[in-house]
Amino acid sequence: MASRRSHLFLIALIVAALVGVGLLAVPSSPYHRSLREGLDLQGGLEVVLQAVPPKDHKLDASDMSRSISIMRNRVDKLGVSEPEIRQQGSNQIVIQLPAVHNQDQAASIIGKTAQLELYDLTPSLLPPSIDASENPVYETSLFDLLSRVQHSSVKGTPGPYYLFRTKGKKQLKGPSATRAILLKPTKGKVPKGDVVLSVPPKAVVVTCSAPTSAGCPYSTTGIATTPGVVYYYLFKHGTYPHDDSNPYPQMTGKDLKLTGTQQDFDPSSGQPIVTLQFTSHGNKQFHAITKAEAQRGSALGVEQSFAIVLDNQLYSTPTIDPSQFPDGIDPTAGGAEITGIPSLSEAKSLALVLQTGALPVVFNTIERTDISATLGKDSLKQARDAAIGGLIVVMLFLLLLYRFLGVVAVIGLGIYAAFMYAAILLFGVTLTLPGFAGLILTIGVAADANVVIFERIKEEGRGGKSMKAAIAAGYAKGFRTIVDANVVTCITALVLFGFATAEVKGFALMLLIGTVVSLVTAVAATRAMLGLLAGFRWFNHSGFMGAEASEIPRWQRIDVTGRRRLWFLISLAAIVLSIGALAVKGLNLGIDFKGGVQMTLVTKQPTSLSSVRTEATAAGQPDAVVQGEGKSTNAGNDYTSFQIRVRTLKPADQTKLENLLTSKVGAQVRSVTNVSASFSKQILKGAITSIIVSFILIALYVTLRYQWRFAIPILRTLLNDIPIALGVYSISGREVTASTVAAMLTILGYSVYDTIIVFDRVRENMRLMPRASIATIANISVAEVLKRSIVTSVITLLPIIALFIFGGATLQDFAFAIMVGITIGAVSTIFVATPLLTSLIERNPEYARRKGDVLLAGAAAGSGAAALREAERVAAAAPTPETPMDAIEEAIEGPPTDGAQDAKRERRKRRRQSRPHGRPR
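Residues numbered from 1 in each chain as written. Predicted model: local features only at pLDDT ≥ 70, side-chain atom pairs only at ≥ 80, totals over all residues. Heavy atoms only, no water.

Asks: Any details on the overall build of the protein chain? Residues and values, ideally.
Replies: Along its length, the protein chain carries 28 helices and 27 strands. Residues classed as buried in the protein chain amount to 53% of the 921 residues present. Put simply, of all contacts in the protein chain between residues at least 6 apart along the chain, 77% involve residues at least 24 apart. Approximately 40800 Å² of the protein chain is accessible, and the part contributed by carbon and sulfur atoms is 59%. (Helix = DSSP H or I, 4+ residues; strand = E, 2+ residues; numbered from the N terminus. Buried < 20%, exposed > 50% of the residue type's maximum accessible area, 1.4 Å probe, protein only. Contact = heavy atoms within 4.5 Å. Areas by Shrake-Rupley, 256 points an atom, 1.4 Å probe, with all protein chains shown as cover.)

And the structure:
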């Protein structure tokens, strides 16, 4: 009665929790919460920025927190809804802007360092950027400018460094802080035909271009404003021996009041301007500079300029009219202003950057992903269809396999789905495409927990127990297996979350939450339902429950120990073949690991590969790799989906390429991913670290839970399953991405999960069969749990197959890896891990003495402690069978009848002839 009350109380709690889930889901509810969709499900921009501190500055936590605060202020002013800005590692910031319209503008603003510098132009220029008459002189080639100043007499450390191709003067690399960093890829050697040039000490290269800048100083004939041309100037930067009291630049952004800086309009011309307000020190300094310029201009008869430089880019060069301001400009009367800005949007962007202040360090963009809203909607539909399809097919499978127990399992899955939905809402999880993949995978994990317990309940029921007793025993014996298996999955998810990139973290988080929720529903929800139903008389009908007594089918009686050498040789051959494929063909590494730019696009009508390549070449990308995706027409030359890869692509070049593809071939760009070489190395390092750490933690856990002989077969996962899975990838030519690494780690965890199911039964039978050989115990254990192992693998594969059918390209690649891994893991558990465990335990002196013992299986019923003990009692007085498989057959089928003696002898004769000296191998 007390047990019944506890079950009723637990069900009442579950019902109350489901009501709470409903309140979260109903839009009219005051507790309603909306799902947060990631960029890949609604489109937008993701940027990963990496801090690059100056040589004399060590990056600390305050630099990063200050930078995040500034970037958040800028994003807020852009008006982006639900942006996400977070730190990644010690020196990176991830910014996600969903549904942002002008992605290029947003990317340029959020990472701009906003190092505002104000120069008195004429005395701040260095030769060759100024002539003998003190007129500014530009260069349109950075190579020409730096090649003229390589022998500067100024003392100090030069830098940054650039690598140029001498012929054509093309910039290949740089800027890099040191020469060693610049030439690291070539081991410190300058490639033939190239040259290294550096900026002189105490100098900085300032660029000017139209229409970004209002105007560029141009000798004595006017202003240089040719669109598309970049002008280079060399400015002083620091203190010089003859002028220590007047450092360059003369003013910085620190002299600016952020609250008084804003975008405005010139009242006389109506043109956009940016007004500036200075601090008290800034007012004095600005007045002193403009006064010096007015006096110099009066003496030379030429108006002097005041250079406003932002992030080493010249934005404006306003002049001082000596006749109007003979004593300079006193900003205390109303501040100053930047005029001549070419557009309103440029003025707003400049004011926004100045308002939010300067970032404490420079940030480089190491990854950028642009996703169209159309692609996001398509991805969301595909992921949703895969999740619904996976849930339905798993439910149908459970109903067909377990009858009424299947109904209970389906209700449990429904509760699991509701609780998962609530967990996503309550924890504020941002749902991404990899997250959806993790969600779909956890459907199989949730069903697995029920399968493990239900199969145990059926075994106990076949052993003669009432259904009430079978349920109690099934949960008591299956609980430990479920916990061990789910802990392994959680370890994998935690390691992924700790070491993987932002994209994979969504998968890891969903896998972790789903594993915990599935454990709760399997142990609490279904246990309460079965415990409550066990009090009814109709519930005790074993046939109705699918637990009627039956023999273990012949197909489950596999001699995994007697033929272990054969299984080991097959496994070794598969590993050698995989390593050979990896050595010869290699892996098709995606940009996650190679770096570069990947653009995906679609066309309304089938378009030839040559047409897309032609437009890529016209856009200045002759080395672009163009590939068709999906089904092709016209002998494999025409496609409607394409992928373009290039090594580097600047924002301006990207815009040019997109415009040409849109206008010439009618393409719609779906996504653009830009990964720097440094970030790709970080991803690769994180992938390797994840695999190693996950493997060590899992092996340690299994060692503590079992013994070292059980833990060693875990090594086969890293040395057997992973190489074979990678070999399949190499042979198939599928692309390897960061998501593939997540799949490989999932394979690692799932192989251990499957192994635990078998090893738990081996450990249990070792206690129940104290006189049997370990080979006997292993064969019996495999025969007893083989069906359960197959069912858990199939039920995990079902939602993954739905993911492969209904998911998009990204989800299909992930599903392919999981399907390969689960298949390999299930086979290697039976034919590699179990024989290996047998070989290790046979080295134990206790079991070494039992190599010829009888296979003591209580197999007439197929399971149950009582049946095993009875079989052992009977077998103790029986002659020793010649092989373990003879014992399996005799224990399961019973002694042969007189009419079957001849067939029995013939089978034994054939078996002896197939083995050297008639002994099992």
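After presenting the structure, the write-up continues.
Asks: Before we move on, could you go through the sheet that holds strand E7 (residues 170–176) and cite the residues and values that matter?
Replies: Sheets are built from strands that pair by backbone hydrogen bonding, the pairs being arranged parallel or antiparallel. An order of E7-E6-E8 is seen for the three strands of this open sheet, with the pairing classed as antiparallel. Both outer strands of the open sheet, E7 and strand E8 (194–198), are each paired with one neighbouring strand and no more. Strand-to-strand twist of the sheet, defined as the mean angle between neighbouring strand axes without regard to direction, takes the value 20 degrees. Note: strand E6 (residues 161–165) against E7, four bridges, orientation antiparallel. Bridging across to E7, Phe-164 finds its partner in Gln-171. (Pairing = 2+ DSSP bridges. Axes fitted to C-alpha atoms, helices over the stretch in contact; angles between N-to-C directions.)

Asks: Lay out unusual backbone geometry in plain terms, naming residues and giving numbers.
Replies: Residue Pro-128 follows Pro-127 across a cis peptide bond; omega there is 10 degrees. For Pro-128, the location among the structural elements is in the loop between helix H5 (121–124) and helix H6 (142–147). Pro-249 follows Tyr-248 through a cis peptide bond whose omega is 0 degrees. Its location among the elements puts Pro-249 in the loop between strand E12 (230–236) and strand E13 (251–252). Non-glycine residue Lys-169 carries a positive phi angle of around 60 degrees.

Asks: Break down the nonpolar core for me, citing the residues and quoting the values.
Replies: Leu-398, Ile-457 and Leu-803 are the most contacted members of the largest nonpolar core, which has 140 residues in total. Here this core gets 23 residues from one element, more than from any other, and that element is helix H10 (residues 373–426). Setting aside chain neighbours within four positions, we find Ile-457 in contact with Met-467, Ala-470, Ile-471, Gly-474, Tyr-475 and Leu-530. If you look at the next biggest cluster of nonpolar residues, it comprises 30 residues, including Ile-130, Phe-143, Tyr-232 and Leu-314. (Core = buried A, V, L, I, M, F, W, Y, C linked by side-chain atoms within 4.5 Å.)

Asks: I'd love a proper account of a nonpolar patch on the surface, names of residues and values included.
Replies: Residues Ile-388, Ile-392, Leu-396, Leu-399, Val-407 and Ile-411 make up a contiguous nonpolar surface patch of about 490 Å² in total accessible area. Within the element layout of this structure, Leu-399 appears in helix H10. With a relative accessible area of 34%, Leu-399 lands in the partly exposed category. (Patch = residues over 30% accessible without salt bridge, like charges linked within 9 Å, V, L, I, M, F, W, Y side chains within 5 Å. Salt bridge = Lys/Arg side-chain N within 4 Å of Asp/Glu carboxyl O.)

Asks: An account of the side chain of Glu-117 is requested, with residue identities and associated values reported.
Replies: Mapped onto the fold, Glu-117 is located in strand E5 (residues 116–120). Although Glu-117 lies buried, it forms no salt bridge, and the closest oppositely charged side chain, Lys-254, sits 10 Å away as judged by the N-O distance. Side chain to side chain, Glu-117 and His-237 meet in a polar contact 2.9 Å long. Beyond its immediate stretch of four places on either side in the chain, Glu-117 contacts His-237, Pro-249, Met-251, Thr-252, Ala-307, Ile-308, Val-309 and Asn-312. (Lys, Arg positive; Asp, Glu negative; His and termini not counted. Polar contact = N/O pair within 3.5 Å; in protein donor to acceptor, adjacent residues only side chain to side chain.)

Asks: Explain the packing of aromatic side chains residue by residue, including any values.
Replies: The final tally for this structure, using the stated rule, is ten aromatic pairs. For the ring pair Tyr-138 and Tyr-231, a centre distance of 4.9 Å and an interplane angle of 90 degrees mean the geometry is edge-to-face. Taken together, the positions of Tyr-138 in the loop between H5 and H6 and Tyr-231 in strand E12 put the pair 93 residues apart, joining distant regions of the chain. On the basis of relative accessibility, which here comes to 24%, the residue Tyr-138 falls in the partly exposed class. The buried category is assigned to Tyr-231, whose relative accessible area is 4%. (Phe/Tyr/Trp six-rings, centres within 6.5 Å; stacked < 30°, edge-to-face > 60°.)

Asks: Hey, could you go over the sheet that holds strand E25 (residues 638–646) for me, with residue numbers and the actual values?
Replies: An order of E3-E4-E2-E20-E26-E23-E25-E24 is seen for the eight strands of this open sheet, with the pairing classed as antiparallel. With one partner strand each, in any of the chains shown, strand E3 (84–88) and strand E24 (625–629) form the two edges of the open sheet. Neighbour-to-neighbour, the strand axes of this sheet turn through a mean angle of 20 degrees, independent of strand direction. As judged from the five bridges shared by E24 and E25, these two strands associate in the antiparallel manner. Within the sheet, the bridge partner assigned to Gly-628 lies in E25 and is Phe-642. Of the strands in this sheet, strand E2 (44–52), strand E4 (92–98) and strand E20 (362–371) are in contact with helix H4 (residues 103–110), which crosses E2 at around 25 degrees. Docked against the sheet, helix H17 (residues 609–618) engages strand E23 (596–608), E24 and E25, running at close to 135 degrees with respect to E23.

Asks: Account for helix H8 (residues 280–300), naming residues and giving values.
Replies: Given a rise of 1.5 Å per residue, 21 residues ought to cover 30 Å, and the 31 Å separating the end C-alpha atoms of H8 matches this to within 8%. Looking at H8, one finds that the buried residues are Gly-282, Asn-283, Phe-286, Ile-289, Thr-290, Glu-293, Ala-294, Arg-296 and Gly-297. One or two steps after H8, the chain reaches Gly-301, where phi turns positive at roughly 75 degrees. (Expected span 1.5 Å × (residues − 1).)

Asks: Hey, could you go over the pairing of strand E16 (residues 304–310) for me, with residue numbers and the actual values?
Replies: With seven of seven residues buried, E16 lies mostly within the body of the structure. Of the two faces of E16, the one carrying Gln-304, Phe-306, Ile-308 and Leu-310 and the one carrying Ser-305, Ala-307 and Val-309 are both buried. Where E5 lies against E16, five bridges are found, and the strand directions are antiparallel. Bridge pairing in E16 places Leu-116 opposite Leu-310. In this sheet, strand E18 (residues 319–320) lies alongside E16 in antiparallel orientation, the contact comprising two bridges. By the bridge assignment for E18, Ser-305 is matched with Thr-319. Across three bridges, E16 lies against strand E17 (residues 313–316) in antiparallel orientation. Residue pairing for E17: Leu-310 is matched across the bridge by Gln-313. The antiparallel pairing of E16 with E17 creates a hairpin that spans two residues between the two strands, and Asp-311 there sits at a positive phi of about 55 degrees.

Asks: Let's hear about the pattern of salt bridges: which residues, and what values?
Replies: Opposite charge on two side chains lets them pair, provided their charged atoms get close. Counted by the stated rule, this structure contains twelve salt bridges. One salt bridge in this structure joins Glu-764 and Arg-761, with 3.8 Å as the shortest N-O distance. Taken together, the residues span about one helical turn, with Glu-764 and Arg-761 both in helix H22 (residues 738–768) at a distance of three residues. What emerges from the salt-bridge pattern is a single network uniting Arg-761, Glu-764 and Glu-784.

So, to be careful, I would describe these as geometric facts and stop short of saying anything about function.
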